[in-house]
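# Close look at the chain arrangement
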Amino acid sequence: MISFFNKLMEEFTKEVREFLEKTFGKLEKLVIDCLDLRKCLNNPPNLWYFLDVLSSGMKFESKIEGKIHDTAVNEKEYPIYLGKRSIIKAYTVIEGPLVVGENTIIGPFAYLRGNNIIGDDCKIGRPEIKNSIIMDGSHIAHHGYVGDSILGRKVNIGAGSELANLRVDDKNVIVRYNGEIYDTKRRKVGSFMEDNSGTGCNVVLNPGTYLREGEAVVLNRRSYTVLRREKAVVFGK
């Protein structure tokens, strides 16, 4: 019998796969040397598998349909796909292949490293983003850190929030949910956030955090609160 959490992950995995298929469809004519991306997406075993796909590297010819400010830094000339009406603002630093959809604004002073895919209609302020998938309509409009994470549609990350991706004991990251435990077999895994989820300001999410659709984590004086629709669960006192 499939558990409730497995069912959740299956649904979110399907959504991420569809988003990546759409994205890689745009790159199809530009790809020059990389993993057979479509084959990888046929039967993904779990959510964190997509992070392996990203880590394998994206190699494609650059195509700029938006605007990149003259002061943006891409010293090693990593490939960039920038969709129509998207803007990379001043002093943004790019240290890895970058795919950006349409109508997305990045910067100023953003730091993008590793392999990153950012969808349509996103607002990225000046966070550090590393090896992550950020789907359509999501906002990381202020400062903070997002590492090795997958954000669904219309996710909002509050100012100063950190999506940590490395355990202090350097062991494999574990995903826990309602007593279920999943070993990702990865040293670096951040958060998985379904559509319309988010964080308040100055929230730190542990490696392997999973937020369901509509959930938000906010910081009170001495504890975090997970808001789920009209209910709230307080932990950490």
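Our subject is the structure listed above.
Anyway, here's the lowdown on the structure attached to this text. The structure presented is a predicted model; accordingly, all values stated were derived computationally and were not measured.

The rules behind these values
Residues numbered from 1 in each chain as written. Predicted model: local features only at pLDDT ≥ 70, side-chain atom pairs only at ≥ 80, totals over all residues. Heavy atoms only, no water. Helix = DSSP H or I, 4+ residues; strand = E, 2+ residues; numbered from the N terminus. Buried < 20%, exposed > 50% of the residue type's maximum accessible area, 1.4 Å probe, protein only. Contact = heavy atoms within 4.5 Å. Pairing = 2+ DSSP bridges. Phe/Tyr/Trp six-rings, centres within 6.5 Å; stacked < 30°, edge-to-face > 60°. Salt bridge = Lys/Arg side-chain N within 4 Å of Asp/Glu carboxyl O.

The subject of this paragraph is the environment of Ile 181. Inspection of the secondary structure puts Ile 181 in strand E19 (residues 180-183). The class for Ile 181 is exposed, based on a relative accessible area of 55%. Non-local contacts of Ile 181, meaning those with residues more than four positions away in its chain, are made with Ile 174, Val 175 and Arg 176.

With that out of the way, let us pick up the sheet that holds strand E23 (residues 209-211). Whenever strands of a sheet pair, they do so through backbone hydrogen bonds, lying parallel or antiparallel. If you trace the eight strands from one edge of the open sheet to the other, you get E1-E3-E6-E9-E12-E15-E20-E23, paired in parallel fashion. Looking at the sheet topology across the chains shown, the edges are occupied by strand E1 (63-64) and E23. Bridge analysis of strand E3 (residues 80-82) against strand E6 (residues 98-100) gives three bridges, and the strand direction is parallel. Within the sheet, the bridge partner assigned to Tyr 81 lies in E6 and is Val 99.

So, about the packing of aromatic side chains. All told, the structure shown has four aromatic pairs when counted by the stated rule. With a centroid separation of 6.4 Å and an interplanar angle of 90°, the aromatic rings of Phe 12 and Tyr 210 are classed as edge-to-face. A residue pair is termed long-range when its members are at least 10 positions apart, and Phe 12 in helix H1 (residues 4-27) and Tyr 210 in strand E23 qualify at 198 residues. No difference in accessibility class separates Phe 12 from Tyr 210, as the two residues are buried. Aromatic ring contacts, followed pair by pair, group Trp 48, Tyr 182 and Phe 192 into a single cluster.

Attention shifts here to the sheet that holds strand E22 (residues 204-205). One open sheet holds the six strands; their spatial order is E5-E8-E11-E14-E17-E22, and the pairing between them is parallel. Single-partner strands in this sheet number two, and they are strand E5 (93-95) and E22. Sheet analysis places E5 next to strand E8 (residues 111-113), joined by three bridges and oriented parallel. Residue pairing across strands places Glu 95 opposite Arg 113, the latter belonging to E8.

To continue, consider the pattern of salt bridges. Enumeration over the complete set of coordinates arrives at 11 salt bridges. Across the pair Asp 148 and Arg 186 runs a salt bridge whose closest N-O atoms are separated by 3.6 Å. Placement of the pair is Asp 148 in the loop between strand E14 (144-147) and strand E15 (150-151) and Arg 186 in the loop between E19 and strand E20 (191-193), with a sequence separation of 38 residues. The burial state of Asp 148 is the same as that of Arg 186; both residues are buried. Within the structure, one salt-bridge network assembled from shared partners comprises Asp 52, Lys 130, Asp 148 and Arg 186.

Our next topic: the environment of Arg 153. Topologically, Arg 153 is positioned in the loop between E15 and strand E16 (156-157). A relative accessible area of 27% places Arg 153 in the partly exposed class. C-alpha of Arg 153 to C-alpha of Met 193: the two residues are 40 residues apart in sequence and 8.9 Å apart in space. Setting aside residues up to four positions removed in sequence, Arg 153 forms contacts with Glu 15, Phe 19, Met 135, Asp 136, Ser 138, Asp 195 and Asn 196.

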